[in-house]
Amino acid sequence: MTAAADLEAGTGPSSATQTAKDLFSGAAGGIAQVLIGQPFDIVKVRLQTQTTHPSALSAAQSIWRHEGPLAFYKGTLTPLLGIGACVSIQFGAFHFARRHLESRTSSTPRPLTYTELYTAGAFAGVANSVLSGPIEHVRIRLQTQPHGAGARLYGGPWDCVRKLVRAGGGVGNGLYRGQAVTVLREAQAYGVWFLAFEFLMNKDAARHGIDRKEIPSWKVALYGGLAGEALWLASYPLDVVKSKMQTDGFGVKATKPGQAGRGGRRG
């Protein structure tokens, strides 16, 4: 479990103040993640949705040469605005599922099995997808739109939202395009993350005969990073499908089966 999960499990102080601190820390970490990861993310999306770049280096060089260094931060505002809410949803949903699973067979809370940890993490991912789906859709549209004042399709995040809703004939077909795949990706991603992180933490504590609280911070960070690698390895194919769906056209301009929605404008 995360540090916040350890607190709720009884290994640290539990209070509204501590919860607020955990949420603030999570949001701050999420903002750092967005700012650091955004240049890599736009390269990833370009490789997933375009066939003009043979490698990540080629895509990065093209962005730098033709669009400038600030282009690596296209679409950053939307995830920055939504990261706090996403962290809150993840936190609340995971602990709701954890408490339910801990007490469903006994009145006394018990440690979760790894299968149950995956289930609780998957539940958090599904809950998070309500926000992450449209946020990522807008981000991807902004990341892949043509460069230049005369060629741009969207004036910013809110203009993108408005045009997606109009082009799709509504919020469901427009803003929430690719939501089914997003739900599957988020469930798999967060299920695997919590499972991998818990496994690494428990193995380290058992190997050294110590309590989890005694594991050094650098190891906690390392295990979080390794769990992140497992997250992407397990969910990346679904992420590719999602990106393809969320960059396709609308109506007669849809190039993929099942993507033809109401309206003929390209989103």
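Residues numbered from 1 in each chain as written. Predicted model: local features only at pLDDT ≥ 70, side-chain atom pairs only at ≥ 80, totals over all residues. Heavy atoms only, no water.

- As annotated in an unreviewed UniProt entry, the protein chain carries the name Mitochondrial thiamine pyrophosphate carrier 1 and is attributed to Humicola insolens.
- UniProt annotates the protein chain under Subcellular location (unreviewed entry) with the comment "Mitochondrion inner membrane".
- Database annotation for the protein chain, UniProt heading Sequence similarities (unreviewed entry): "Belongs to the mitochondrial carrier (TC 2.A.29) family." (UniProt positions renumbered as here; feature names shortened; annotations may be inferred.)

### With respect to helix α8 (residues 217-246)
Part 1 of the reasoning: In this model, α8 (30 residues) spans only 38 Å end to end at C-alpha, well below the 44 Å of a helix rising 1.5 Å per residue.
Part 2 of the reasoning: Taking the largest bend as the criterion, α8 deviates by roughly 55°, centred on Ser-235, and proline Pro-237 comes between one and four positions later.
Part 3 of the reasoning: By the burial criterion, the buried members of α8 are Lys-219, Tyr-223, Gly-224, Ala-227, Gly-228, Leu-231, Ser-235, Asp-239, Lys-242, Ser-243 and Gln-246. (Helix = DSSP H or I, 4+ residues; strand = E, 2+ residues; numbered from the N terminus. Expected span 1.5 Å × (residues − 1). Bend = angle between axes of the 7 residues up to and from the residue. Buried < 20%, exposed > 50% of the residue type's maximum accessible area, 1.4 Å probe, protein only.)

### A word on a nonpolar patch on the surface
Part 1 of the reasoning: The grouping of Ile-31, Leu-35, Ile-36, Phe-40 and Tyr-73 at the surface amounts to a nonpolar patch, some 510 Å² of accessible area in total.
Part 2 of the reasoning: As for its placement among the helices and strands, Ile-31 is situated in helix α2 (residues 16-49).
Part 3 of the reasoning: The class for Ile-31 is partly exposed, based on a relative accessible area of 35%. (Patch = residues over 30% accessible without salt bridge, like charges linked within 9 Å, V, L, I, M, F, W, Y side chains within 5 Å. Areas by Shrake-Rupley, 256 points an atom, 1.4 Å probe, with all protein chains shown as cover. Salt bridge = Lys/Arg side-chain N within 4 Å of Asp/Glu carboxyl O.)

### Comments concerning the packing of aromatic side chains
Part 1 of the reasoning: Tallying each qualifying case throughout the model produces 7 aromatic pairs.
Part 2 of the reasoning: A centroid spacing of 6.4 Å and a plane angle of 50° characterise the contact between Trp-64 and Phe-72, whose relative ring orientation is tilted.
Part 3 of the reasoning: Given the relative accessible area of 54%, Trp-64 is considered exposed.
Part 4 of the reasoning: Ring plane angle 65° and centroid distance 6.3 Å describe the contact between Trp-232 and Tyr-236, whose orientation is recorded as edge-to-face. (Phe/Tyr/Trp six-rings, centres within 6.5 Å; stacked < 30°, edge-to-face > 60°.)

### With respect to the pattern of salt bridges
Part 1 of the reasoning: Considering all chains together, one arrives at 16 salt bridges under this definition.
Part 2 of the reasoning: A salt bridge links Arg-162 to Asp-159; its shortest N-O distance comes to 2.4 Å. With Arg-162 and Asp-159 both in helix α6 (residues 157-168), this residue pair falls 3 residues apart, about one helical turn.
Part 3 of the reasoning: Given the relative accessible area of 46%, Arg-162 is considered partly exposed.
Part 4 of the reasoning: Note that Lys-219 and Asp-204 form a salt bridge whose closest N and O atoms lie 3.1 Å from each other. Placement of Lys-219 in helix α8 and of Asp-204 in helix α7 (residues 179-208) is noted, with a sequence separation of 15 residues between them.
Part 5 of the reasoning: Residue Lys-219 is classed as buried on the basis of its relative accessible area of 15%.
Part 6 of the reasoning: Judged by relative accessible area, Asp-204 falls into the buried class, the value being 1%.
Part 7 of the reasoning: Residues joined by salt bridges that share partners form a network here, namely Asp-41, Lys-44, Glu-136, Arg-139, Arg-185, Glu-186, Asp-239 and Lys-242.

### Considerations on the packing of helix α5 (residues 114-144) against α6
Part 1 of the reasoning: For the pair α5 and α6, interaxial distance at closest approach is 10 Å and the crossing angle is 105°. Compared by their axis directions, α5 and α6 come out roughly perpendicular. For the pair formed by α5 and α6, the contact residues are His-137, Val-138, Arg-141 and Leu-142 on the first element and Pro-157, Cys-160, Val-161 and Leu-164 on the second.
Part 2 of the reasoning: Of the residues assigned to the contact of α5 with α6, the class counts are 6 nonpolar, 1 polar and 1 charged. (Axes fitted to C-alpha atoms, helices over the stretch in contact; angles between N-to-C directions. Parallel < 35°, antiparallel > 145°, perpendicular 65-115°, else oblique. Contact = heavy atoms within 4.5 Å. Nonpolar A, V, L, I, M, F, W, Y, C, P; charged D, E, K, R; others polar.)

### Looking at the environment of Tyr-118
Part 1 of the reasoning: Among the secondary structure elements, Tyr-118 is positioned in helix α5.
Part 2 of the reasoning: The residues contacting Tyr-118, other than those within four sequence positions of it, are Ala-187, Gln-188, Gly-191, Val-192 and Leu-195.

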